[in-house]
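Listed below are the residues making up each chain.
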Amino acid sequence: YGTVTGVQTCALPISRASRPDGPLGQIRSRDEIGQLARSFLHLEGRLEQTLGSLRQSADDWKRTFDSVHDAVLTLDPDGHVLRMNRTAERWFDVSERERRGEHVTRLLGGTAPGEWRAPGALVEHEKRTWCQDLEQPRGTFELTLAAIAHQGAVVGAVLIVSDVTERKRLELESLRVDRLE
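This one's a predicted model, so the numbers in the text were calculated from it and none came from an experiment. (Residues numbered from 1 in each chain as written. Predicted model: local features only at pLDDT ≥ 70, side-chain atom pairs only at ≥ 80, totals over all residues. Heavy atoms only, no water.)

Draft legend 1. Broad picture of the overall build of the chain. Helix and strand content of the chain: 7 helices and 5 strands. Written out in order from the N terminus, the α and β elements of the chain read α-α-β-β-α-α-α-α-β-β-β-α. Taken across its 181 residues, the chain has 34% of its residues classed as buried. Excluding contacts between residues fewer than 6 apart, the proportion of contacts in the chain whose partners are at least 24 apart in sequence is 36%. Of the roughly 11,600 Å² of accessible surface on the chain, 54% is carried by carbon and sulfur atoms. (Helix = DSSP H or I, 4+ residues; strand = E, 2+ residues; numbered from the N terminus. Buried < 20%, exposed > 50% of the residue type's maximum accessible area, 1.4 Å probe, protein only. Contact = heavy atoms within 4.5 Å. Areas by Shrake-Rupley, 256 points an atom, 1.4 Å probe, with all protein chains shown as cover.)

Below you can see the structure in the form of structure tokens.
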């Protein structure tokens, strides 16, 4: 969303000036100034289309991100929250805006393992997706951490928090039944 807003802010003065009622839109000459004005009008139309496409893509991404049943957080390489989906907001009873920039271990109640201090380094060192169960008073959660890479370098991580309380309960029950047989 930030990039779309930044482009809009920069393009708005050109867009206003290029409209038919704006100073560039009223230039009718056929000389270089007129050609430049028409070029700006054309550019303004293309810019509006591009901004519309960017807004649509950002909205599509956000809807998809928010529709995931598990809590999903994107982190910078040092473990600070960049984004979280609605499930994460609901589970942690916070808003993304409140927790943006906060370290993930604090969000998890300080109970995450020490390796999580720098998740980017962890997944880069391990060269794989990292997974661990986390026991908490309200249940058992599976934490899955995967690298977000750009041009071969880890630039962040995605953390998926899944509530596996029921699955763990059933596994324990199955073990108990197997022992009785």
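Draft legend 2. Representation of the environment of M84. Its place among the elements puts M84 in strand β2 (residues 81-84). For M84, a relative accessible area of 0% corresponds to the buried category. Residue contacts for M84: discarding those within four places in its chain leaves K62, F65, V72, L73, E89, V94, S95, E96, R99 and L107.

Draft legend 3. Fine view of the pairing of strand β3 (residues 130-136). Relative to strand β4 (residues 139-150), β3 runs antiparallel, the two being bridged by 7 bridges. When the bridges of β4 are listed, W130 appears paired with L145. Between β3 and the antiparallel strand that follows it, β4, lie 2 residues. (Pairing = 2+ DSSP bridges.)

Draft legend 4. Quick peek at the pattern of salt bridges. Taken as a whole and assessed by the stated rule, the structure comprises 13 salt bridges. Residues K62 and D66 are paired through a salt bridge, measuring 3.5 Å at the closest nitrogen-oxygen approach. Highlighted residues: K62 and D66, both in helix α2 (residues 32-67), separated by 4 residues, approximately one helical turn. Each member of the pair, K62 as well as D66, is classed as buried. The partner of E166 in a salt bridge is R169, with the nearest N and O atoms 2.5 Å apart. Here E166 and its partner R169 are both found in helix α7 (residues 165-180), 3 residues apart, which amounts to about one turn of the helix. The structure contains a network of salt bridges with shared partners spanning K62, D66, R83, R86, E96 and R100. (Salt bridge = Lys/Arg side-chain N within 4 Å of Asp/Glu carboxyl O.)

Draft legend 5. Just the side chain of T140, in detail. Its place among the elements puts T140 in strand β4. Taking the relative accessible area as the measure of exposure, T140 reaches 6% and is therefore buried. Engagement of the side chain of T140 in a polar contact is seen with the side chain of E135, the distance being 2.9 Å. Beyond its immediate sequence surroundings of up to four residues, T140 is in contact with D133, L134, E135, S162, D163, V164, T165 and K168. (Polar contact = N/O pair within 3.5 Å; in protein donor to acceptor, adjacent residues only side chain to side chain.)

Draft legend 6. Structural context of the pairing of strand β5 (residues 153-163). Pairing between strand β1 (residues 71-75) and β5: 5 bridges, direction antiparallel. In the sheet register, L75 faces β5, and the bridge partner there is A157. In terms of strand pairing, β4 meets β5 through 10 bridges, oriented antiparallel. The residue of β5 that forms the bridge with A149 is V154.

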